[in-house]
Number of protein chains: 2
Amino acid sequence: MSGETGVGRPTIEFWYEFASSYSYLSVMRIEALAAAAEVEVAWRPFLLGPVFMSLGWNDSPFNIYPPKGRYMWRDLERLCERYGLRLKRPSLFPRNGLLAARVACLGQDQTWIGEFSRRVMQANFADDRDIGAEQVIAELLAGLPLPATAGALLAAACEPDGKEALRRQTERACQLGLFGAPSFVVAGELFWGNDRLEDALAWAHRVPTAPGSA
Amino acid sequence: MSGETGVGRPTIEFWYEFASSYSYLSVMRIEALAAAAEVEVAWRPFLLGPVFMSLGWNDSPFNIYPPKGRYMWRDLERLCERYGLRLKRPSLFPRNGLLAARVACLGQDQTWIGEFSRRVMQANFADDRDIGAEQVIAELLAGLPLPATAGALLAAACEPDGKEALRRQTERACQLGLFGAPSFVVAGELFWGNDRLEDALAWAHRVPTAPGSA
């Protein structure tokens, strides 16, 4: 399955950040919804920090603007209840998602990307674990069908090529006009926010797939 | 019907601003959706300006942050197409909604509030008219079942009591934790954004109405 592009199926680019609360919801939901909608998911982990910096924010808007933050945590509670997801408010927010994002960037076209992303999100938002710690990420990688040992993968993620891959991906997020996460790109259309996931999937079937594209 | 509270039905507080693009969508949609959901609408026009000022913004975030603005206008196009609403991007954004909000504040418990609010929104977002102009508002009031002449209503809206009513309502918006529009308050729960209107209406039936409350 590695690198398989789902010939003939439309693709949704799924842009997410491991520290982002609403990204948690979409990471947990997207694989099943996309399968039901017959849409391929292109996982696109990136860093919100540089995007926020370019907008003049040096922290999460949920921290900078307290009313937005209070609303978000309550809203997240309601939504987790609706979706049947566990939620334990992280004792640190936003957590450092850098290492997880580098690892995910390396594996984004491989079969383990979905399960890895869900494990990291659950560690952060359901189990209040420090996803910035190498030991935690190593533990979350255990048992996944990796192309190498977890140790080798973690090492590769922190080598210049691994760092550069995530940097380029984050730059592309800015170029696409992203300003938050999760975001979805379908046939050149941008959708922002977990509550637009269904809309984005529906849009994938609204435009015809170019003949022969794979 | 004037002042009727719909005995036994739950109520949704609908907080909107005439200059707000996503408020346009909810103003056009809420009456039919609330009727179908058997929920009473308490119209709550207010001013976003003072709310944004309290967050440190001296303009709409859609102007301050260009990627957010570009996204919003495209998103609005898609949503207007979905809802069957006309859209003509206002040549000035945000428009001055002060006079319209003062008039609406005076009439918020009267039968003409829904139709008046829709007319103002269509003038702003479908016909690109200057809703800050007294002549435009006077024209939009024509034919509504007003308690007085349009001229008398406009005069009352700009007297100290009229100004104070809107000022108090906007202060209450801040106290409720609002940070944007449209917002909905149902049984103490806050919902933000046009795409949460359906959720807010559903929530109204989730909590029991207090016995005898009317």
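Described in the following lines is the structure provided in the data block. (Residues numbered from 1 in each chain as written. Chains lettered and ligands numbered in written order. Predicted model: local features only at pLDDT ≥ 70, side-chain atom pairs only at ≥ 80, totals over all residues.)

Let's talk about the sheet that holds strand S2 (residues 40-45) of chain B
Residues and elements named next belong to chain B. Stated precisely, the cut-off is as follows: Pairing between strands requires that DSSP locate at least two bridges from one strand to the other. Helix and strand assignments follow DSSP, with helices taken as H or I runs no shorter than four residues and strands as E runs no shorter than two, numbered in order from the N terminus. Lines fitted to C-alpha atoms define the axes, with helix axes restricted to the stretch in contact, and inter-axis angles between N-to-C directions lie between 0 and 180 degrees. By the criterion used throughout, residues are in contact when their C-beta atoms, derived from the backbone, lie within 7 Å.
Across the sheet, four strands lie side by side as S2-S1-S3-S4; this open sheet has mixed pairing. Looking along the sheet, the strands with just one partner apiece sit at the ends: S2 and strand S4 (189-192). Between one strand axis and the next, the sheet turns by 20 degrees as a mean value, whatever way the strands run. Inspection of the sheet shows strand S1 (residues 11-16) paired to strand S3 (residues 183-186) by three bridges, in the antiparallel sense. What sits directly across from Phe14, in S3, is Phe184. Helix-sheet contacts for helix H10 (residues 197-204) involve S1, S3 and S4, and the interaxial angle to S3 is about 10 degrees.

Observations regarding the environment of Ser60 of chain B
All names here are of chain B. Basically, it comes down to this: Exposed residues have 12 or fewer other C-beta atoms within 10 Å of their own C-beta, buried residues have 20 or more, and partly exposed residues fall in between, where C-beta atoms are placed from the backbone.
The residue Ser60 is located in the loop between helix H2 (48-54) and helix H3 (61-64) in this model. Note on Ser60: 19 C-beta atoms within 10 Å, which makes it partly exposed. Distance from Ser60 to Pro94, taken between C-alpha atoms, is 7.0 Å for residues 34 residues apart in sequence. Aside from chain neighbours lying at most four places away, what touches Ser60 is Phe93 and Pro94.

As for the sheet that holds strand S3 (residues 183-186) of chain A
Residue and element names in this part refer to chain A. Here we have four strands laid out as an open sheet, ordered S2-S1-S3-S4, and mixed in their pairing. One side of each edge strand has no neighbouring strand; the edge strands of this open sheet are strand S2 (40-45) and strand S4 (189-192). Taken over all neighbouring pairs, the strand axes of this sheet differ in orientation by 20 degrees on average, direction set aside. Relative to S4, S3 is paired through four bridges, and the arrangement is antiparallel.

A word on helix H5 (residues 98-106) of chain B
Residues and elements named next belong to chain B. Where burial is concerned, most of H5 is hidden: eight out of the nine residues are buried. Among the residues of H5, those classed as buried are Leu99, Ala100, Ala101, Arg102, Val103, Ala104, Cys105 and Leu106. The secondary structure elements touched by the buried residues of H5 are S2, helix H6 (113-125), helix H7 (134-141), helix H8 (150-157) and helix H9 (160-175).

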